[in-house]
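Survey of secondary and tertiary structure
These are the residues of each chain, in order.
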Amino acid sequence: MKVKDLKELLDAEVFCCEDNLERQVDSACGCDLMSDVLAYVKDQGALLTGLVNPQVVRTAVMMDMICIVFVRSKEPTEDIVALARDNGIVVLNTSKRLYEACGILYSNGLTGKATKS
Amino acid sequence: MSEPLVFHFDIDGEDFISAGQASIQIKKNLRRLGLSPETIRRVSIAMYEGEINMVIHAKGGEADVKVYEDRIEIILADKGPGIKNIDEAMQEGFSTASDTIRSLGFGAGMGLPNMKRYSDSMDIDTTVGVGTTVTMVIKIQ
C-alpha cells in the first residue's frame, strides 16, 4: 500500500514529508525497542511505535524506512520532526494503540514480511 | 593498497538524545561515495549501536571510519570503564544500562551482538578502568 493508504486506515495526522505520501510501503513492524528493530527488521518500510524520541528517527534512517507512526496519540516534538524532515521520513501519529494499529494494517494486506530477502 | 578515505568524529557523551549524529553523517557520506545500500546499512547500523554504547557507558569517545577499496573499518575508541567480561557482554540480553536508557529504547543488551551481527569481523580491546577500542570490518559488497 502507499503511505497515504496507511494514513487513511489509521486516521493519522501527518507531521512532515507529505511529498512522500505516494511512496510504496510493502511491510511494517511494531516495536518500542529500537535495538530489536536494528537486529531483526529487514526492508520494512514503516515503523509503528509508542516510543517518542529522536532515536526512533535515527533508527528508521539506519533501516532505510519510509515512515514512522507514533501510536496512542503521542505527539512528536519539534526536534523529532525536524530530524525526520531532514531525512525524508514521513512522520504520522494516530490515536490507535500499537496492537490495534498493527492489526488494522495487517488485515489490510500490510504484512511483517520483507518483500526482498 | 591506496590510502583509505578517513572520516573522524568526536562522539559527545553528554547527551543520549543526540547520540547517533555521527552515524547519520556516515550514512550520508557513504551514499555520496556510491556504495551499495546493503553495505551502507551494515556500516551505519554497526556504527550507530557503537555510538550509542559509547554514550551510554563511556561518556563518549572518538570514531574513525576508514574506507578502503574492498572494506570499511570502523574504529570506536573510548576512555570509559572498560568491559569486565566480554563473553557476558556479547550475550544477547545482557546489559548494565540504566532504566533511563532502557526507557529510551536501548540498553536491552543488543548493542554488541548487533555490532557483531552486521560486521564481518569485530575485535574488542578493553582494559577495565582505562577504556575500550572496538574495531569492526565490513567488506564492501
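Quick look at the structure, then. Just so we're clear, the structure is a prediction, and the values are computed from it rather than from any experiment.

1. Observations concerning the overall build of chain B
Assigned secondary structure in chain B consists of five helices and five strands. A compact globule built from 141 residues would reach a C-alpha radius of gyration of about 14 Å, and chain B, at 14 Å, matches this within 12%. Out of the 141 residues belonging to chain B, those deemed buried represent 52%. Taking contacts inside chain B between residues at least 6 apart in sequence as the whole, the part at least 24 apart equals 64%. When the 15 basic and 21 acidic side-chain charges of chain B are each reduced to a single mean position, those positions are 5 Å apart.

2. Examining the nonpolar core
Residues Leu-6, Leu-10, Met-63 and Leu-92 of chain A together with Ile-74 of chain B are the most contacted members of the largest nonpolar core, which totals 86 residues. The contacts of Leu-6 of chain A, once residues within four sequence positions are left out, are Met-1, Ala-46, Cys-67, Val-69, Leu-92, Leu-105 and Leu-110 of chain A.

3. Describing the sheet that holds strand β1 (residues 5-12) of chain B
Residue and element names in this part refer to chain B. The strand order across the open sheet built from five strands is β1-β2-β3-β5-β4, with neighbouring strands paired in antiparallel fashion. Pairing within the sheet leaves two strands with one partner each, and these edge strands are β1 and β4 (121-127). This sheet shows a mean twist of 10° between the axes of neighbouring strands, independent of strand direction. Across seven bridges, the pairing between β4 and strand β5 (residues 131-139) is antiparallel. For Thr-126, the partnering residue across the bridge sits in β5 and is Thr-132. Its contacts with the sheet put helix α2 (residues 37-58) on β1, β2 (60-67), β3 (71-78) and β5, and the angle it makes with β3 is roughly 5°. Packed on one face of the sheet, helix α5 (residues 111-118) meets β3, β4 and β5 and runs near 145° to β4.

4. Examining the packing of aromatic side chains
All names here are of chain B. In this structure the tally under the stated criterion is two aromatic pairs over all chains. Both rings, one in Phe-16 and one in Phe-106, keep their centres 6.0 Å apart while their planes meet at 70°; by these two values the pair is edge-to-face. Of the two residues, Phe-16 sits in the loop between β1 and α1 (21-32) while Phe-106 sits in the loop between α4 (99-103) and α5, which places them 90 residues apart along the sequence. Phe-16 sits in the buried class, given a relative accessible area of 9%.

5. Describing the pattern of salt bridges
Inspection of the entire model under this criterion finds 13 salt bridges over all chains. Measuring nitrogen to oxygen at the nearest pair gives 3.0 Å for the salt bridge that ties Asp-64 of chain A to Arg-41 of chain B. You can see Asp-64 of chain A sitting in the loop between α3 (54-62) and β4 (67-70) and its partner Arg-41 of chain B sitting in helix α2, one on each of two chains. Judged by relative accessible area, Arg-41 of chain B falls into the buried class, the value being 9%. With a shortest N-O distance of 3.3 Å, Lys-28 of chain B and Asp-86 of chain A are connected by a salt bridge. One end of the pair, Lys-28 of chain B, is in helix α1; the other, Asp-86 of chain A, is in helix α4 (residues 78-86), on a second chain.

6. Comments concerning α3 of chain A
The buried fraction of α3 of chain A amounts to nine of the nine residues, a majority that puts the element mostly inside the structure. Along α3 of chain A, the residues that are buried comprise Pro-54, Gln-55, Val-56, Val-57, Arg-58, Thr-59, Ala-60, Val-61 and Met-62 of chain A. Of the surrounding elements, those touching the buried residues of α3 of chain A are α2 (34-40), β3 (46-49), β4 and α4 of chain A together with α1 and α2 of chain B. Near the N-terminus of α3 of chain A, the side chain that reaches the backbone nitrogen of Gln-55 of chain A, with its oxygen 2.7 Å away, is that of Asn-53 of chain A. One or two steps after α3 of chain A, the chain reaches Asp-64 of chain A, where phi turns positive at roughly 55°.

7. Regarding the interface of chain A and chain B
Facing 23 residues of chain A, the contacting portion of chain B comprises 28 residues. For the chain A and chain B pair, buried surface summed over both sides reaches about 2,100 Å², with 51% attributable to carbon and sulfur atoms. Contact with chain B buries area across many residues of chain A, yet Gln-55, Arg-58 and Met-62 of chain A alone supply 30% of it, more than any other trio. Counting across the interface, chain A meets chain B through six salt bridges.

8. A word on the sheet that holds strand β1 (residues 13-16) of chain A
All names here are of chain A. Taken in spatial order, the five strands of this open sheet run β1-β5-β4-β3-β2, and their pairing is mixed. Looking along the sheet, the strands with just one partner apiece sit at the ends: β1 and β2 (28-30). Across the sheet, the mean angle from the axis of one strand to that of its neighbour is 20°, orientation sign disregarded. Inspection of the sheet shows β3 paired to β4 by four bridges, in the parallel sense. Following the sheet pairing, Ala-46 is matched in β4 by Cys-67. This element, α4, spans β1, β4 and β5 (90-93) of the sheet and lies at about 70° to β1. Packing of helix α5 (residues 98-107) onto the sheet brings it into contact with β2 and β3, and relative to β3 it is tilted by some 150°.

Thresholds, definitions, all that
Residues numbered from 1 in each chain as written. Chains lettered and ligands numbered in written order. Predicted model: local features only at pLDDT ≥ 70, side-chain atom pairs only at ≥ 80, totals over all residues. Heavy atoms only, no water. Helix = DSSP H or I, 4+ residues; strand = E, 2+ residues; numbered from the N terminus. Rg over C-alpha atoms; globule rule 2.2 N^0.38 Å. Buried < 20%, exposed > 50% of the residue type's maximum accessible area, 1.4 Å probe, protein only. Contact = heavy atoms within 4.5 Å. Lys, Arg positive; Asp, Glu negative; His and termini not counted. Charge placed at Lys NZ, Arg CZ, Asp CG, Glu CD. Core = buried A, V, L, I, M, F, W, Y, C linked by side-chain atoms within 4.5 Å. Pairing = 2+ DSSP bridges. Axes fitted to C-alpha atoms, helices over the stretch in contact; angles between N-to-C directions. Phe/Tyr/Trp six-rings, centres within 6.5 Å; stacked < 30°, edge-to-face > 60°. Salt bridge = Lys/Arg side-chain N within 4 Å of Asp/Glu carboxyl O. Polar contact = N/O pair within 3.5 Å; in protein donor to acceptor, adjacent residues only side chain to side chain. Buried area = accessible area lost by both parts, 1.4 Å probe.

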